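# Close look at the chain arrangement
The chain contents come next:
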Amino acid sequence: MTFRLNYGSDTEAVHDAMPLDASAQLSQALAAACDDRLAAAEPYGEDDGIVRTLTTERAIAVLLMGHQTKVVTVLQLSYTG
């Protein structure tokens, strides 16, 4: 089941500031996380299935998986340049 993606203004600003190729790669990875949350991202610390880490070549995102609300929220986004 596909989940909806949710950004805060800070994380959205980081994504918007990324170079086009890195941004596109992150967008594809986030879309995959919305389609299959647990397969697309790694556990963040203890595997509780709720907080996950999504890593691309140039970005790292911490995601909150809202299983009841059907929302994937980007909590933190770092661009590694």
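Before reading further, recall that the structure is shown in the block above.
From a predicted model like this one, the values you see are computed outputs, not experimental measurements.

### A closer look at the overall build of the protein chain
Across its full length, the protein chain holds three helices and five strands. Secondary structure elements in the protein chain, listed N-terminal to C-terminal, are β-α-α-α-β-β-β-β. Here the protein chain has a C-alpha radius of gyration of 12 Å; the compact-globule value for 81 residues is 12 Å, and the two agree. Projecting the C-alpha coordinates of the protein chain onto the three principal axes gives extents of approximately 35 × 20 × 20 Å. Counting only residues that meet the buried cut, the protein chain has 37% of its 81 residues in that class. Partitioning the contacts of the protein chain with sequence separation of at least 6, the portion at a separation of at least 24 is 45%. Total accessible area on the protein chain stands at roughly 4,800 Å², and carbon and sulfur atoms take up 51% of it. The average position of the 5 basic charges and that of the 11 acidic charges among the side chains of the protein chain differ by 6 Å.

Criteria and thresholds
Counting from 1, residues in each chain are numbered in the order their sequence is written. The predicted nature of this model means local features are confined to residues of pLDDT at least 70 and side-chain atom pairs, given and counted, to a pLDDT of 80 or more, with totals for whole chains, interfaces and linings taken over all residues. Only hydrogens and water are set aside; all other atoms, that is, all heavy atoms of the structure, feed into the side-chain values. Starting at the N terminus, helices and strands are each numbered in turn, a helix being any DSSP run of H or I of at least four residues and a strand any DSSP run of E of at least two. For this measure, only C-alpha atoms enter the radius of gyration; the expected value for a globule follows 2.2 Å times N^0.38, where N is the number of residues. Note on classification: 1.4 Å probe, protein chains only; a residue is buried when its accessible area is under 20% of the maximum for its type, exposed when over 50%, partly exposed between these limits. Throughout, a contact is declared for two residues whenever any of their heavy atoms are within 4.5 Å. Only the protein chains shown count as cover for residues, and the accessible areas themselves come from Shrake-Rupley with a 1.4 Å probe. Here the positive residues are Lys and Arg and the negative ones are Asp and Glu; neither His nor the chain ends is included. Charge coordinates come from a single atom per side chain, which is NZ of Lys, CZ of Arg, CG of Asp or CD of Glu.

Without other data, these values stay purely geometric and don't point to any function.
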